[in-house]
Each structure stands twice: as C-alpha cells, then as structure tokens.
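Each chain, letter by letter, is given below.
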Amino acid sequence: AVEPAEAPVLFNRLYNRNLPIGPHSIEGIGAGFLPPLVEESWGVVDRVELVPSAEVEEYWRELLREGFRGGLSGAAALLVGERLNRERPAHTLAIAPDSLDRYYSRL
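Here is what the cut-offs are and how they apply
- Residues numbered from 1 in each chain as written.
- Predicted model: local features only at pLDDT ≥ 70, side-chain atom pairs only at ≥ 80, totals over all residues.
- Heavy atoms only, no water.
- Helix = DSSP H or I, 4+ residues; strand = E, 2+ residues; numbered from the N terminus.
- Buried < 20%, exposed > 50% of the residue type's maximum accessible area, 1.4 Å probe, protein only.
- 1 Å grid on protein atoms, 1.4 Å probe; cavity = no way out; pocket = protein on both sides within 12 Å on 5 of 7 lines; lining within 4 Å.
- Points joined across faces, edges and corners; volume = space filled by probe spheres on them.
- Nonpolar A, V, L, I, M, F, W, Y, C, P; charged D, E, K, R; others polar.
- Polar contact = N/O pair within 3.5 Å; in protein donor to acceptor, adjacent residues only side chain to side chain.
- Contact = heavy atoms within 4.5 Å.

Caption draft 1: Examining unusual backbone geometry more closely. For N16, which is not glycine, the phi dihedral falls at a positive 50°. Structurally, the position occupied by N16 is in the loop between helix 1 (9–15) and helix 2 (36–40). N16 sits in the exposed class, given a relative accessible area of 71%.

Caption draft 2: Structural view of the layout of surface pockets. In this structure, the largest pocket encloses a volume near 890 Å³. Around the largest pocket, the lining comprises 35 residues; the ones closest to its centre are A1, V2, L10, I29 and A77. Elements that contribute at least two residues to the lining of the largest pocket include exactly strand 1 (2–4), helix 1, helix 2 and helix 4 (72–87). Residues belonging to the lining of the largest pocket are distributed by class as follows: 23 nonpolar, 7 polar and 5 charged.

Caption draft 3: Broad picture of the side chain of R83. Mapped onto the elements of the fold, R83 is located in helix 4. A relative accessible area of 18% places R83 in the buried class. A distance of 3.1 Å separates polar atoms of two side chains, one belonging to R83 and the other to E49. Beyond its immediate chain neighbours, meaning those up to four positions away, R83 contacts E49, L50, V51 and E55.

Structure (structure tokens):
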C-alpha cells in the first residue's frame, strides 16, 4: 500500500506505530482513517510505503511532461513502484485509476 508520509494511518496500524496524522496534498489517498474496504481486506496488506507529498507533486509534474495523464495518487503509486523496482528489480504493477481532468487547477 502507498500513503502520504504526513498521514500514515495504514503504516501505523501495520507496524504498530503512532506517527502523527496530519494534512497532505495527495488527493485520493491518505484520508486519515482506515476505509471500510481496506478494513475488510486488511489481510492482503503486507507492506506500506510512505511518500512525502512534496516528492509526489514533483514526480507528478515530471510524469506529466512525459505524457502521464493521471493524478497525484497514481503518481504516488508509480513513484513507489519505481522505488521498489530499484531495491529489487522485478515486474511491478501500479494502478492509477483516475484522470488528469480532475487536477487541472493544480497545474
């Protein structure tokens, strides 16, 4: 799973930590609570990666220049996929299920 470093709800739960939960700028993830769908499927989460909002925003802008047409949560997933692939080269799947049209105001 991927979530903002500023709102580590899943991270806290999986690793039994108590990091502070605060505001962030990655729309679509990091709601500050454990959504019911995630709660129901919690057993499949074996790792949580934290990404700082500022790093995701910078990476998102790079992706846009390369033709990416997704939002910040998709960029966060791709960023973590790239990070994991550098650690241990493998085939990585990242899902970015939204479109750029929701983010025009951020450009």
